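Descriptive structure summary
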Amino acid sequence: MIRHVARIVVVAGLFLFSWDGAKAQTLGSLTQQCEKLESFWRQNPSRQPNMVNIPNDADAAICYGYMSAFNGLRSLVVTPADGNKPDCSRGFGPTCRHTLGMCVPGEATFTQGLAVFLAYARSHAPQWHEAAWQHYLTAMSQAFPCKGEYPEAPK
């Protein structure tokens, strides 16, 4: 029950990204924030696997929080159009799809996710004025596509 409530809170937070107040987070500003995080991680590598150091820097922390939020949402599944509960008993397919369209493997690290996003962002400088969340999802779904899932809801 607590996990369900937490997911609802996170999804509600995502809706804020579409409102004018949240549009201030552009691809360009997130890229700059994430470059600070990348620089910090290069200078201060973690000594333990699956652990990361969080810098005492607002910009780098914002990038880390952004990545963490999407990372937490990657396991959400789509509810079928008929409103029934998704049937994921046989794995992903026409009745069970990832909501965000990205299938980041469990063994992928935060460092890898950061590298994927920054590679995408640096190659899309003409779009730096656009909303960051759309480009973050595109970067991750291109790097980690969901194989075997159907792009359209079943009819």
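Residues numbered from 1 in each chain as written. Predicted model: local features only at pLDDT ≥ 70, side-chain atom pairs only at ≥ 80, totals over all residues. Heavy atoms only, no water.

1. Some details on the overall build of the protein
Our working rule: Numbering of helices and strands runs from the N terminus, with a helix taken as a DSSP run of H or I at least four residues long and a strand as a DSSP run of E at least two residues long. Remark: exposure states derive from per-residue accessible area (1.4 Å probe, protein chains only) relative to the maximum for the residue type, with buried under 20%, exposed over 50%, and partly exposed in between. In this analysis, two residues are considered to be in contact whenever any of their non-hydrogen atoms come within 4.5 Å of each other. The Shrake-Rupley method, run with a 1.4 Å probe sphere, supplies the accessible areas, and residue values consider only the shown protein chains as cover.
Looking only at helices and strands, the protein has five helices and zero strands in total. Listing every helix and strand of the protein by position from the N terminus yields α-α-α-α-α. Burial analysis of the protein (155 residues in total) assigns 30% to the buried set. In the protein, of all internal contacts separated by at least 6 residues, the share reaching a separation of at least 24 is 70%. Surface exposure of the protein reaches about 9,800 Å², of which carbon and sulfur atoms provide 57%.

2. A few points about the nonpolar core
A general feature of soluble globular proteins is that nonpolar side chains tend to end up buried together. The following threshold applies: By nonpolar core we mean a set of buried residues, namely Ala, Val, Leu, Ile, Met, Phe, Trp, Tyr and Cys, connected to one another through side-chain atoms within 4.5 Å.
Ranked by internal contacts, the top residues of the largest apolar core, which has 25 residues, are Leu 114 and Phe 117. For this core, the elements supplying multiple residues, two or more each, are α2 (27-43), α3 (58-73), α4 (110-122) and α5 (132-143). Per-element tally for this core: the top contributor is α3, with six residues. Not counting chain neighbours up to four residues away, the residues in contact with Phe 117 comprise Leu 27, Leu 30, Thr 31, Cys 34, Tyr 136 and Ala 139.

3. Looking at α4
Selection criterion: A helix's residues, less one, multiplied by 1.5 Å, set its expected span.
Here α4 is 13 residues long and its end C-alpha atoms lie 18 Å apart, about the 18 Å a rise of 1.5 Å per residue gives. Buried residues in α4 make contact with α2, α3 and α5.

4. Re the pattern of salt bridges
Definition in use: We define a salt bridge as a contact between a side-chain nitrogen of Lys or Arg and a carboxyl oxygen of Asp or Glu at a distance within 4 Å.
For the coordinates displayed, the defined rule picks out four salt bridges. We note a salt bridge from Glu 38 to Arg 42, for which the minimum N-O separation is 3.3 Å. On the criterion of helical spacing, the pair formed by Glu 38 and Arg 42 is a turn pair, its members being four residues apart in helix α2. What makes Glu 38 buried here is its relative accessible area of 14%. When the shortest N-O distance is used, the salt bridge between Arg 122 and Glu 38 registers 2.6 Å.

5. Quick look at α2
Here α2 contains 17 residues, and its C-alpha end-to-end distance of 24 Å stays within 8% of the 24 Å for a straight helix at 1.5 Å per residue. For α2, the complete set of buried residues consists of Leu 27, Gly 28, Ser 29, Leu 30, Thr 31, Gln 33, Cys 34, Leu 37, Glu 38 and Trp 41.

6. Remarks on the layout of surface pockets
To keep it simple, the criterion reads: Put simply, the grid is 1 Å and covers the protein atoms alone, a cavity is a trapped set of points that fit a 1.4 Å probe, a pocket is an open set with protein on both sides within 12 Å along at least five of seven lines, and lining residues have an atom within 4 Å of a point. Grid points are joined across faces, edges and corners, and a volume is the space filled by probe spheres set on the points. Residues are grouped as follows: Ala, Val, Leu, Ile, Met, Phe, Trp, Tyr, Cys and Pro are nonpolar; Asp, Glu, Lys and Arg are charged; all remaining types, including Gly, are polar.
Considering only enclosed or pocket space, the largest pocket measures out at about 410 Å³ in volume. What lines the largest pocket is a set of 26 residues, among which Val 52, Ala 108, Thr 109, Phe 110 and Thr 111 lie closest to the centre. Elements represented by at least two residues in the lining of the largest pocket include exactly α3, α4 and α5. Classifying every residue of the lining of the largest pocket by side-chain character gives 14 nonpolar, 11 polar and one charged.

7. Focus on the packing of α2 against α4
The condition is simple: Interaxial angles span 0 to 180 degrees and are taken between N-to-C directions of axes, which are lines fitted to C-alpha atoms, for helices over the stretch in contact. To sort the angles, those under 35 degrees are grouped as roughly parallel, those over 145 as roughly antiparallel, those from 65 to 115 as roughly perpendicular, and the leftovers as oblique. Each crossing gets its handedness from the near helix: less than a right angle anticlockwise from the far helix is left-handed, clockwise is right-handed.
Closest axis-to-axis distance for the α2/α4 pair is 10 Å, and the angle between their directions is 140 degrees. It follows from the interaxial angle that α2 and α4 lie oblique. In the packing of α2 onto α4, the handedness of the crossing is left-handed. Contact with α2, carried on its side by Leu 27, Leu 30, Thr 31, Cys 34, Glu 35, Leu 37, Glu 38 and Trp 41, involves Phe 110, Thr 111, Leu 114, Phe 117, Leu 118, Ala 121 and Arg 122 of α4 and no other residues of that element.

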